[in-house]
Every structure is written in C-alpha cells, then in structure tokens.
Amino acid sequence: MSGINDFAFRIGTVNGTGSASANTLLMQSIFRMGVPVTGKNIFPSNIQGLPTWYEIRVSKDGYTARPESLDLVVALNPGTYARDVAKVRPGGYLLYDSTWPMERTLSRDGIDVLGIPFGEMCAEAFTGDRERTLLRNIAYAGSLAALFAIDMDVISEMLKEQYGRKPKLLDSNFRALHMGYDYAREHFSSPLPFHLERMDATGGHVLLDGNTASALGCVWGGATVGAWYPITPATSLMEAFKGYCGRYRTDKSTGEKAYCIVQAEDELAAAGMVIGAGWAGARAFTSTSGPGISLMQEFIGLAYYTEIPAVFFDVQRAGPATGMPTRTQQSDLLSIAYASHGDTKHIMLFPADPGECFTMAMQALDLAERFQTPVFVVSDLDIGMNDWMIERPRWDDRFVPDRGKVLTAADVEKLPRFSRYLATNGDGVAARTLPGVGAKGAYFTRGSGHDRHAAYTEDAAAYQEVVDRLKRKIDAAADHVPAPILRIASDADGSVGPSIGIVAIGGCNAAVVEAVDRLRDRGMRCDYLRIRGFPFPSSVTDFLEEHETVFVVEQNRDGQLRSLLALETGIARDRLFSILDYGGEPLTAGVVVAAVSQHFAGVPA
Amino acid sequence: MTSIAKPPVRHPGLQKNALGLTRRDYEGAMSTLCAGCGHDSVTSALITAFWEMDIPPHRAAKMSGIGCSSKTTAYFMRQSHGFNAVHGRMPSVATGANAANRSLTYVGISGDGDSLSIGLGQLCHAIRRGLRLLYVLENNGVYGLTKGQFSASADVGSTAKRGEPNLQPPIDPVLLALSLGATFVARSFSGDKDELIPILKAGLAHNGFALVDVISPCVSFNDHEGSTKSYRYTREHAEEVAPVDFIPLRREITAQSAEGTAMSVTMHDGSTVRFRRVKEGYDPTDRDAAYAYVRHAQERGEIATGLLYLDERGFEMHASNRTVSTPLVDVPFASLCPGRAALDELMEEFR
C-alpha cells in the first residue's frame, strides 16, 4: 500500500487533551473529499493522562479494516515516543512536537523525522493552558492537511459548522489550523508522496459508530423501555438512545416522554427490568458488555424458560474478569449461546458494522417477540465505538413490527381455555397474553417447573412437554435469523484448485474481505461465509461440509466460534482451523493472509 | 395445607363490591403453605383489601421472587397476571412491568430472605426509584423453604428451633425504608387483620412505593420459645402507635373518631387516611420522629406497628421521568417510529 488515496497514519496523544475533535475533523474532511476512510480509536480505560492513539486509514479501494502499517505517526505524547517511532513503516514519517528536543536514542534510520514546534507556536499565539492545549490539536490537523493535501476549504467549512455560533472560538481555531498548515508548507515538501486527491466514492455513505446505529435501530424499531447499568464499551449505546428519544419521542409542548429509560443499580436489575417490560408487552432492551452478561445469566434463563421477549446488546470487550475494558474481542460467544443453568440456547445476531447494528437492532426486537425469548445482538468495541464508513441507513415506512402471537381479550374469549404454554401449530411458539387483558387470559408466570397451562408441576411428562417444545422453537429460529453472506470464488478470478473455506463473524468481516482479495491475488481460491445469526442456519453446515479445509477467523483465544460450529453442526473439529487474534485491537487483513499462507506452506501458525 | 378446595358455589346473598364481584372472585389457588402459616392470613387480608378497593382483578399484577412468601401470589386473585421471578429480584421485574404499563395496580410479595439478604439492593433501589408498588414483606425471621436458617431480620439473641442463638444484628426494613426516603412505611402483624387491611388499602392508593412489613410467624421453624417472630412474642410485644382507617375517595367520608383524637391525611387521589392517636404526640408525617419512635420501641423490646410514616404526596417513577400518561404498551408504533424522512434528515449529520 501507500500511495495516492491509499495510506494510513496514527496520532499519539494523552487522553483528556481534546484530540478527539481534531481527529474527527481530519477523518470527516477526508470523507467529504469523497475518499473512503476509517478511524480506529485505541484508547485507555481512563479519563485523563494516559496514552491514546487514533488511527486513520485512507483506502481508495474502500477497505475498512485496521491498517497494518503506518505511513506517518504523529507523536505528541513524550511518554510514548519510543513506541510511536517504532510503529512507523520503513521509509515512513514521524511528526513530533519539536518544542522540546527529542532524545537521540529515539532516532531511527530509514524514516523521515519532521519536527513542528506546536507547543511553542500555541504558547505564543494563545492564552491560557486550556486553550493552548486544545488548539495544539487543531494545529497538528492543519499540518496534516498540508502534508496530505486535505482540502482546506472542506476543513474550514467543518469548523464553521461546529463553531459558527461562537465567532471567537471559530477565529482561534482558524488561526491554529493555518499556523500548522503554513509551518508544514514552509518547512517540508508538501504534500508527501502519499496524499489525498478528490474522489467520488463516499456518496450515499455516512460515518457512524455501531452504538449510535444500534440506538437508532431501537428508536426506529419501536423500543420504549431501556434498562441498563453503565459499562464500557456499551454506555454510548443507551446514552445515544436517550439522546434520540429526547429528540424524537418527547412532546415538544408538554415535555412528556413516550419512553422510559431506567439506570439500574446493576446489570442483574437491568435484565430484570427488560424482562418485566417484555412481559408487560413493551419492546425493551439493555446494553451491556461481557461482565454484565455474566451477571445476567440467571435472568436470561428465566426469560428463556418463561418465554419472555428481551433484547440484549453485548458490546464485547476483552475478558475475562474486568479484562481490558477499552479493547475489543469476540469472547462472549459461548457464555451467551447457552447462558444460564439448565438446558438453554439463545438467539444471537452478529452485526459486522454499524449499518448492520441498525438493521439487526430492529430484527432483534422482532425476533424476540416472535419467538418470545431473549435475543442477543453480539457486537464489539471496534464496531460499537469506532466510526465506520457505511452505506446510509434507510427506513421503509411500510415496515410493520412483528409483535408475535399476542392474544387480545376478544381472541381469548373465543378459546375454550387459555393455555399459555401450548403451541397450536408447528413453529413451537405458544400464544401469550399481556397483563391487563382480562380474567380469562390471566396466567401465572413462573420460573419453576410448569405445564402447558402454566401451572406448577413436578411431573416428568408435563415438564418435558414444555422443554421439548422450547427446543423445537429455538431450533426453528435458525431459519429466521439473518442468513449468512456467502462470497464464492469465481473462475474469472483466475485462481485455481479447490476452494479454501473461510468462516468469520461480526467485526472480523472487514479484515477478512480484504484478506480474501489478497489471497486471490496470490492465486488462492477462497470461499468466504460470514455467519450472521445463531442458531446456525443449515447453509452453515452445508458450507462446512463442502470445503475440505475451513479456516475459522475470530477474536478470542479459545476458538469459541469453532467450538460452537463443531458442537452445533457435528462437523469434525480437525477440519476447522482457527485463525485467532485476541490482543484487543481490531483485526488486520495481514493476520488472516499470513495464517492461511503459513498453513499451506506447512508452517505452524 | 391450610384449607381444602372449596366448590365454586356462589351464594346469592354474598356481599358484592362496586364491580359486582364477591370476595371469592379475588381468591386464588389453594395454599400449599403449612397449616397456621402467617402468610395465609396476609393473603386473606390482601384479598379483602383488593375486594374492598374495587380493583378489577385483571387490572392488577402480582409480583414476587422466591421463597414461602413469594409463593403466595398464586393464592389470591387467580384472574390477575402473576409473576414469580428469581430470588430477590422481583423489584426489577416489577419496575420493568410498571415502566411498560403504568395503568395496572402492582402488588409485590416478598419475604425477609428475599428482601433483606439476596434482594436487599433491589429493595433499596426500588424505594429510591419511587416504583409505584405495594410491597408486602412477609417477615418471619427465618428461611422456611430450606428448613430453618436465620434470616437477616432475626433479632440478636433470638434462638433457632434447635437452640443456637443469632449473633448478628438484624436489618429492620422499616428503618431502612425510612432512611431511604420511602413515602409510605408501615408495619403490621399477620394476626391483626383489623390493623393490616386498612394499611394495605392505603398502600394500594399510595402514589409511590408503599412498604408494609408484616410480622408473619413461621409455624414450622420460628414459632418456638426463644423466637422473637412467634405468634406469642408478637402478640405480647406489638405496640400499635397509629391505628389507621383508610377511606377511599369514592366512599362517603364519615367521622369515626372524635375530633382531637384523630388526624386525617388526604392522599394524592383524594382518598383519606385517618390516624387515631393512640400515642400522644405521634406524628406519622414526621420522618425523623417515626425513625426515633421505632428505635425507642425496639430498645424497650417492643414492635411499633401501624402506618408509621406517610408522605401523602408520594414519589413516583413516571412522575420523575415525565412519562406520557398513556401506558407505553398502548402507544401506537406509528407515533414511536420517527419514519423515513426523519432518518434521511438525521443522516445528513453523519457525513
């Protein structure tokens, strides 16, 4: 890589210094120049004072995975100079704040070091520590605009949108921007060999993070009750839901809200609230991460056994225990698939980007009510908290939510007797009633053993009738979860031989798509199946059976998806080869390419 | 078992409430608790309270956790939806249900294990949240279903059936609720229906969380000599501070006590709670005084009963949230979903 509209850079700062807005400014400007762009925030679990990085990848080909090598690193945090210098690819650039001399031991052959006295310039131009600190960020954005040929008109317009109503702030931001820009133009040959040129590849797209998209899916999907306990990296999901409900669900004249968000005392209570609301007939959800899923296990089993709709967003982070709260992983698959004691199995949806967070949030609300059971949208930190370039989400006003089998008072009156847990047709779903429907439709919901009439039982046959139906019901959901997306290698690719199978889920997709292209360029035929739901549809089993060698790409140590595939499809484990990446950072295509190549070269992975 | 199944015969002379329902229409399944269990008396008092309040059974929802007390939701109002959730976590389920449908009357039945040990956090936060729920804590100081372990409400020095004394200080739900800002705090005794029924009725009318701690002796594991939650001990040590009459709005208000000995508090819905002053100077609207009174009674080895504290304004979750008056479950999808044009417009902000 590295060329026109094809490069990557990273900015290293200290968190709490306001660099996020400058980074967003850069990314959005590139996006508005029509050039595909992705941003990855590598941040600490901390509010102020620890190292933080932001990586921006520009890809004319539209690849959105994390970059493998960095053409330029902006080092503004002396505490990480050594790491930042080491990250620059051979022949790349280091840009640092030359207000203070850089230690000689940190110099490196084969890279160009560019020094700009950002601190000194801002100290002279501005007053007050806070202003100087904040504007230093805008100054480096200006320098990068010169080095990468980012259109200054685009940046200026963005600053105007942001600070239009605060002329003083706008003025100082402009000054800082031009200070950085002018310095770079005067002192270095700008632009650098790799830089931007206008394209037309971002039309019809937006830059959106997955948590915001999930929240929007819940607003548009008709969720009215949200219960949660704050946890990184899921907090911004419910905060976004709150924000958009404030905008779209609050009566402007009365201030009355057509929603109820409860910040619970813990995740157990949050799960209980979602289940209570689902029982009463509302579309309800919670947003959480792995530790929350652990705490919710008992309630998940209750909802499964009593057949109550409930939607859980798990924005996964690196575990176990507290783990690394600001690092990504896909390590909750097994703890969700069979969550809670006793025999259970749960529906999972795996969004691969914020666009799917939006659609799957709605699908989850539908599936939960259709199958009267917990449904999990299994996202991760990378999808949830980073801005992705995605196709603009659209809404079809003809959408009608699937509320499942809910009997009205009139429906109940027609029945000789209402039996809550008796399914009358083949899908295994029994009709339910909502509290308040009327005396004849009343029933007692209990987590203890119950028969088809919802009456307490310790009778083997009556108990088994219900749990056997539950199994049929969840198995049937396999045909209703989002179908896998299959990319079959084409003869036109010029590749030869039998195809290699690659299977992945969720946030791995961006890197796998890129890896498959690169493997194809090396003459390897790859068929790629991206699984989007659990229980696995039969097409997943078919794919595994049709391929002699299948690589399972996932972000956890133990190959949880591979285990789940072996367990659920009965496929021999020795035909499934794991490609694992679990350090907590978003997956790169290189990891996949290297692992597949090494496998065929006989090199142990 | 305390009773045998009775045939569904309706005597034409049975008294009916304003809905034309008899008290039997508010009954539930046959109790499976031990004969003489205090909880069955509470169940009976609840049946009377709901019946006398003219609450349609199907417009009520019965919530409970796990334990002997939590089983009792099956023993009254079979025409109501009921939810026997997980141990100690009924308040969260009730919160969600109430969030979704605020138009139902919610009653939660819990015990001292369910409320004060495994569910202590949920109880506290339901109080803080102002969940509109009549919360009946059937308190017997013992784990009955697991056969006789001390609960967190057992008094220091109280002995278990086999003789070992409890050494840990108790958690008093009344003091807890008072300190957490509860707007309705009462204590009663399962064996005193005259006191309990008006309290339950007032609790049902209260606009917020209504805690009713009911000393409800366990005949199997905590009714022996040395227990401080036995029938005998409670009868001998209960000290009624503020006996109440509850007068629903729709009934004609008639003075039952002479002026000067009674104090009326009007609830948010216009109904009235009338306190007869047994203890001179007891003011049920003074939180600090109520706290001090309960503590002093305990020091004397007495159990203060009655409606101990009431803030007639209440404190309620939906009022704090400013939720629409229409139950959320009844708000049509068309008004919940902002639609296509709004999404298109919003997406302009993400480019």
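Residues numbered from 1 in each chain as written. Chains lettered and ligands numbered in written order. Predicted model: local features only at pLDDT ≥ 70, side-chain atom pairs only at ≥ 80, totals over all residues. Heavy atoms only, no water.

Here we take up the nonpolar core. A:Leu565, B:Leu46, B:Phe50 and B:Met63 are the most contacted members of the largest nonpolar core, which totals 148 residues. Per-element accounting of this core gives the leading share, 9 residues, to helix H9 (residues 267-280) of chain A. Leaving out residues up to four positions away in the same chain, A:Leu565 has contacts with A:Val503, A:Ile531, A:Phe536, A:Val540, A:Leu544, A:Val552, A:Gly570, A:Ile571 and A:Leu576. Of all hydrophobic cores here, the second largest spans 76 residues; its members include A:Leu208, A:Tyr259, A:Val311 and A:Val481. (Core = buried A, V, L, I, M, F, W, Y, C linked by side-chain atoms within 4.5 Å. Buried < 20%, exposed > 50% of the residue type's maximum accessible area, 1.4 Å probe, protein only. Helix = DSSP H or I, 4+ residues; strand = E, 2+ residues; numbered from the N terminus. Contact = heavy atoms within 4.5 Å.)

As a further point, take the side chain of A:Ser597. Residue and element names in this part refer to chain A. Along the chain, the position of Ser-597 falls in helix H19 (residues 589-600). A polar side-chain atom of Ser-597 sits 2.7 Å from the main-chain carbonyl oxygen of Val-593. With sequence-adjacent residues up to four places away left out, Ser-597 is seen in contact with Leu-519 and Arg-522. (Polar contact = N/O pair within 3.5 Å; in protein donor to acceptor, adjacent residues only side chain to side chain.)

Before going further, it helps to spend a moment on the interface of chain A and chain B. Interfaces are often sized by the accessible area lost when the parts come together. Facing 66 residues of chain A, the contacting portion of chain B comprises 54 residues. Between chain A and chain B, the buried area comes to about 5,100 Å², and carbon and sulfur atoms account for 64% of it. At the boundary of chain A with chain B, the tally comes to 4 salt bridges. At the junction of chain A with chain B, the criterion picks out 23 residue pairs in polar contact (both at pLDDT 80 or more). Breaking the side of chain A that touches chain B down by element, the ones donating at least two residues are helix H1 (19-32), strand E7 (205-209), helix H7 (210-220), helix H8 (235-248), strand E9 (260-263), H9, helix H10 (290-306) and strand E15 (444-446) of chain A. (Buried area = accessible area lost by both parts, 1.4 Å probe. Salt bridge = Lys/Arg side-chain N within 4 Å of Asp/Glu carboxyl O.)

Before going further, it helps to spend a moment on the sheet that holds strand E13 (residues 303-310) of chain B. What the 9 strands build is an open sheet, ordered E15(A)-E2(B)-E1(B)-E3(B)-E4(B)-E8(B)-E7(B)-E13(B)-E9(B); its pairing is mixed. Two strands close off the open sheet at either side, each with one partner strand: E15 of chain A together with strand E9 (238-242) of chain B. Averaged over neighbouring strand pairs, the angle between their axes works out to 20° when direction is ignored. With 4 bridges joining them, strand E7 (residues 184-189) of chain B and E13(B) adopt antiparallel strand pairing. Each residue of the ladder has a partner; that of B:Val185, found in E13(B), is B:Tyr309. Packed on one face of the sheet, helix H7 (residues 193-205) of chain B meets strand E3 (105-111), strand E4 (133-139), E7, strand E8 (209-215), E9 and E13 of chain B and runs near 155° to E7(B). (Pairing = 2+ DSSP bridges. Axes fitted to C-alpha atoms, helices over the stretch in contact; angles between N-to-C directions.)

Turning to the pattern of salt bridges, a few remarks are in order. All names here are of chain A. Evaluation of the coordinates by the stated rule reveals 47 salt bridges over all chains. A salt bridge links Lys-345 to Asp-475; the shortest N-O distance between them is 3.6 Å. In this pair, Lys-345 is assigned in the loop between helix H11 (333-337) and strand E12 (347-349) and Asp-475 in helix H15 (residues 460-476), connecting sequence segments 130 residues apart.

Right, let's get into the packing of helix H4 (residues 129-148) of chain A against helix H6 (residues 167-187) of chain A. Residues and elements named next belong to chain A. One can describe the packing of H4 onto H6 by two numbers: an axis separation of 7 Å at closest approach and a directional angle of 45°. When the interaxial angle is binned, H4 and H6 end up oblique. For the pair H4 and H6, the sense of crossing is right-handed. In contact with Glu-131, Leu-135, Ile-138, Ala-139, Ala-141, Gly-142, Ser-143, Ala-145, Ala-146 and Leu-147 of H4, H6 contributes Ser-172, Asn-173, Ala-176, Leu-177, Gly-180, Tyr-181, Ala-184 and Arg-185. Looking at the contact of H4 with H6 residue by residue, the class counts come to 11 nonpolar, 5 polar and 2 charged. (Parallel < 35°, antiparallel > 145°, perpendicular 65-115°, else oblique. Left-handed = near helix turned anticlockwise from the far one by under 90°. Nonpolar A, V, L, I, M, F, W, Y, C, P; charged D, E, K, R; others polar.)

Residue and element names in this part refer to chain A. Most of strand E11 (residues 310-316) sits out of view: 7 of its 7 residues are buried. Residues Ala-310, Phe-312, Asp-314 and Gln-316 point to one face of E11 and Val-311, Phe-313 and Val-315 to the other, with burial holding for every one of them. Pairing between strand E10 (residues 284-288) and E11: 4 bridges, direction parallel. Its bridge partner lying in E11, Ser-287 is registered against Phe-313. Of the crossover connections in this fold, the one passing from E10 over H10 to the parallel E11 is right-handed. (Right-handed = clockwise from strand over helix to strand, strands pointing away.)

Okay, helix H9 (residues 287-299) of chain B next. Residue and element names in this part refer to chain B. Across its 13 residues, H9 extends 19 Å between first and last C-alpha, which sits within 8% of the 18 Å expected from 1.5 Å per residue. Buried within H9 are the following residues: Ala-290, Tyr-293, Val-294 and Ala-297. The buried residues of H9 occupy an angular sector of 95° when projected down its axis, which confines them to one face. Along H9, exposed side chains directed more than 90 degrees from the buried face belong to Asp-288 and Glu-299. Looking at the buried positions of H9, the neighbouring elements they touch are helix H6 (173-179), E7, E9 and E13. With a side-chain oxygen positioned 3.2 Å from the backbone nitrogen of Asp-288, the residue opening H9 is Asp-286. (Expected span 1.5 Å × (residues − 1). Arc of directions from axis to C-beta.)

Below, the discussion takes up the side chain of A:Arg136. Inspection of the secondary structure assignment puts A:Arg136 in helix H4. If near-sequence neighbours (up to four positions away) are discounted, A:Arg136 is found in contact with A:Leu76, A:Asp97, A:Trp100, A:Phe118, A:Gly119 and A:Cys122.

Another point: the domain arrangement of chain A. All names here are of chain A. Domain annotation of chain A identifies domain 1 (6-187), domain 2 (208-391), domain 3 (409-479) and domain 4 (485-600). Of note, the centres of domain 2 and domain 4, computed from C-alpha atoms alone, are 27 Å apart. Between domain 2 and domain 4, the residue contacts involve 25 residues of the former and 26 residues of the latter. Summed over both sides, the interface between domain 2 and domain 4 buries roughly 2,100 Å², with carbon and sulfur atoms accounting for 57% of that surface. For the domain 2 face of the interface with domain 4, the top three residues by lost area are Gln-330, Leu-334 and Phe-350, together amounting to 29%. Seen at the junction of domain 2 and domain 4, the total is 14 residue pairs in polar contact (both at pLDDT 80 or more). (Domains from an automatic or database assignment.)

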